[in-house]
Amino acid sequence: MATRAVPPEITISSDKMHAFVTLAPPAFNEPKYTVDEIVDALNEKKVTYGIEMDIIKNMIMSSTYSQTVCVANGKPVMEGSDGYYLYNFKEKGSLKPEEKPDGSVDYWSVDLIQIVKKGEVVAEYHSAVQGSDGMDVSGKTLLAKRKKDLSPLKGRGFTRDDDLGIYISDVDGKIDFQRDHLVISPVYEVKGNADIKTGNIDFPGDVVIHGNAIAGVTIKANESITIDGVVENANLIAGKDVIIRQGVKGVNKTNIKARGSITSKYIEFANVEAGGNIETDSIVDSTIVAGEKVILNGKYGTIIGGIVSAVSGIETKDLGSESEIHTFVHVGTNMEVFQRIEALRKKMAVTQKNIEKIGKGIAEFDRLIAKNESIKKDDPRRMQLLKVKIRDTALLAADKAEYDNLNAIVARGAGATVYVLNTVYPGVEIGIGPYTVRVKEYQQNVEFVRENETIKMKSLK
């Protein structure tokens, strides 16, 4: 066949997934296009896959000229999905209560402890699904990404059913989950009140009371304590956090201590100490000590009376009252901490010298032993020196741990302030570090900060 004046025009998309043909109208003396002619033109452009013969035939039969028509399509890659777990619980609890639209705070939103029942499905595994390879119009294979399965969950307190891909709780308890480690541990759970009938509670795990803690009961937990009701004339001691959803009516007989944080709707007439934050709506005539911050939530967050101390700072709406009841708040590090740090520094220096002196004595014994076979390593004098060295080394380590902890407290207290969003009433006394100042007039929207050896009041407006 004679060469055409204008051969079929072939164009290929940039991703090589589509090929197009444009046919010029044949000249007066030229025959119609043929399927083979168009396919040959495609092949010359290395288009070999996904050619649509029916479309080409239709172009010829309908004399489709001067129009660009897609006549070849690649096969797209179909991506699969990696394996994943579906958890039937919140992966991480929260100690921060949620604020409602009206400005009040929902203490039921605090869900540090998540309870599951024996036989409950706590997790489901969905295996990886592999995708399928694709191909472009030139016949080049386009590889789908290889999808990965996840390792089985590690931990205890559950049974894994590999056939169904589910994890089932073996006990009634609480879930702790970090990365791929799942632990379901027993929880001491009281359906009603903790009182004279239940007696005192001392449990190595978590304790959950669905009622009130009253009647002089003492609750100790190595982990966390959650009280759904109120705490009144009761004592709580927790190795981690304490959550009190309804509040504390201390009647001056309640003591609460936690190494972690404490969250309570309100605190009245109680002694409360936390290694972390203390968050509540109001504090009335109580003694409060926080290793981090004291934060007053809600529309009317207020501190009235008592002594409130926080290393890292205090945030409240109101401070004091119209009746000008004496209210003392303190932030930062007090002088006693600095004095203790200095005492420990001197004590450790003396102990270190004693250890070095004893070490020289032991070394001298060892030299004598090497020269004289009559002197043994278990010589009573050498053994006494060794015992003293072991004792002093242990004492030095304990003092060093306390020293480091106190210095960490000093670091957290640096820059601590008392932040009052609304009103500070006369009768309030502010302490920052070793310095104090008494408020004699009403103040609005202020922050108390330490500058050199004085306490300054800065406006928040």
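Structure: above.
Residues numbered from 1 in each chain as written. Predicted model: local features only at pLDDT ≥ 70, side-chain atom pairs only at ≥ 80, totals over all residues. Heavy atoms only, no water.

**Considering the overall build of the chain**
A tally of regular secondary structure across the chain gives four helices and 39 strands. Taken over the C-alpha trace, the chain has a radius of gyration of 38 Å; the compact-globule value for 461 residues is 23 Å, which it surpasses by more than 25%. Summarising its shape, the C-alpha atoms of the chain cover approximately 115 × 85 × 55 Å along the three principal directions. For the chain, the proportion of its 461 residues judged to be buried stands at 43%. Sequence separation of 24 or more characterises 40% of the internal contacts of the chain that already satisfy a separation of 6 or more. Of the roughly 25,400 Å² that the chain leaves accessible, carbon and sulfur atoms contribute 52%. For the chain, the separation between the mean place of its 60 positive charges and that of its 64 negative charges on side chains is 8 Å. (Helix = DSSP H or I, 4+ residues; strand = E, 2+ residues; numbered from the N terminus. Rg over C-alpha atoms; globule rule 2.2 N^0.38 Å. Buried < 20%, exposed > 50% of the residue type's maximum accessible area, 1.4 Å probe, protein only. Contact = heavy atoms within 4.5 Å. Areas by Shrake-Rupley, 256 points an atom, 1.4 Å probe, with all protein chains shown as cover. Lys, Arg positive; Asp, Glu negative; His and termini not counted. Charge placed at Lys NZ, Arg CZ, Asp CG, Glu CD.)

**Here we look at the sheet that holds strand 2 (residues 18–22)**
Strand order in the open sheet formed by three strands is 1-2-3, and the pairing between neighbours is antiparallel. The sheet terminates laterally at strand 1 (9–12) and strand 3 (68–73), the two strands that pair on one side only. In this sheet, neighbouring strand axes are inclined to one another by 30° on average, regardless of whether the strands run parallel or antiparallel. Where strand 2 lies against strand 3, five bridges are found, and the strand directions are antiparallel. In the strand pairing of strand 3, phenylalanine 20 is matched with cysteine 70. (Pairing = 2+ DSSP bridges. Axes fitted to C-alpha atoms, helices over the stretch in contact; angles between N-to-C directions.)

**Observations concerning the sheet that holds strand 4 (residues 84–87)**
The strand order across the open sheet formed by four strands is 4-8-13-12, and the pairing between neighbours is antiparallel. One side of each edge strand has no neighbouring strand; the edge strands of this open sheet are strand 4 and strand 12 (158–161). Across this sheet, the average inter-strand angle for adjacent strands is 20°, counted without regard to direction. Alignment of strand 12 against strand 13 (residues 166–169), held across four bridges, turns out to be antiparallel. Counterpart to threonine 159 in the pairing with strand 13 is isoleucine 168.

**Some details on helix 4 (residues 380–413)**
Spanning 34 residues, helix 4 covers 50 Å between terminal C-alpha atoms, matching the ideal 50 Å at 1.5 Å per step. Among all positions in helix 4, only Arg382, Val388, Asp392, Leu396, Asp399, Leu406, Ile409 and Gly413 are buried. Where helix 4 is buried, its residues contact helix 3 (335–371). Just downstream of helix 4, glycine 415 is the residue with a positive phi angle, here 80°. (Expected span 1.5 Å × (residues − 1).)

**Topic: the side chain of threonine 254**
When you line up the elements, threonine 254 lands in strand 23 (residues 247–258). Among the residues examined, threonine 254 registers a relative accessible area of 1% and is labelled buried. Of note is the side chain of threonine 254, whose polar atom sits 3.3 Å from the backbone oxygen of glycine 250. Discounting chain neighbours no more than four positions away, the residues touching threonine 254 are Val231, Glu232, Asn233, Ala234, Asn235, Val248, Lys249, Ala270 and Asn271. (Polar contact = N/O pair within 3.5 Å; in protein donor to acceptor, adjacent residues only side chain to side chain.)

**Notes on the pattern of salt bridges**
If the charged atoms of two oppositely charged side chains come close together, the side chains can form a pair. Within this structure, the stated rule accounts for 20 salt bridges. Of the charged contacts in the structure, one is a salt bridge between glutamate 429 and arginine 438, with a shortest N-O distance of 3.6 Å. What makes glutamate 429 buried here is its relative accessible area of 17%. Classification of arginine 438 by relative accessible area gives partly exposed; the value is 46%. Lysine 458 serves as the salt-bridge partner of glutamate 451, at 3.4 Å between the closest nitrogen and oxygen. Among the charged side chains, a network of salt bridges with common partners joins Arg4, Glu30 and Glu37. (Salt bridge = Lys/Arg side-chain N within 4 Å of Asp/Glu carboxyl O.)

**Considering the nonpolar core**
Ile219 and Val294 are the most contacted members of the largest nonpolar core, which has 50 residues in total. Counting residues per element, this core draws most heavily on strand 25 (residues 267–274), at four residues. Core analysis: the second largest hydrophobic core is formed by 18 residues, Ala19, Ile38, Val69 and Val71 among them. (Core = buried A, V, L, I, M, F, W, Y, C linked by side-chain atoms within 4.5 Å.)

**Description of the environment of isoleucine 201**
As for its placement among the helices and strands, isoleucine 201 is situated in strand 16 (residues 201–203). Expressed as a C-alpha distance, the spacing of isoleucine 201 and glycine 250, which sit 49 residues apart in the sequence, is 19 Å. Discounting residues that sit within four places of it in the chain, isoleucine 201 has contacts with Tyr188, Val190, Ala194, Val207, Ile209, Thr218, Ile219 and Lys220.

**Digging into the environment of alanine 41**
Tracing the sequence through the fold places alanine 41 in helix 1 (residues 35–44). Using a relative accessible area of 12% as the deciding quantity, one classes alanine 41 as buried. Taking C-alpha positions, alanine 41 is 8.2 Å from proline 7, a pair spaced 34 residues apart along the chain. Excluding residues that lie within four positions of it along the chain, alanine 41 makes contacts with Pro8 and Ile10.

These figures capture arrangement, not role.
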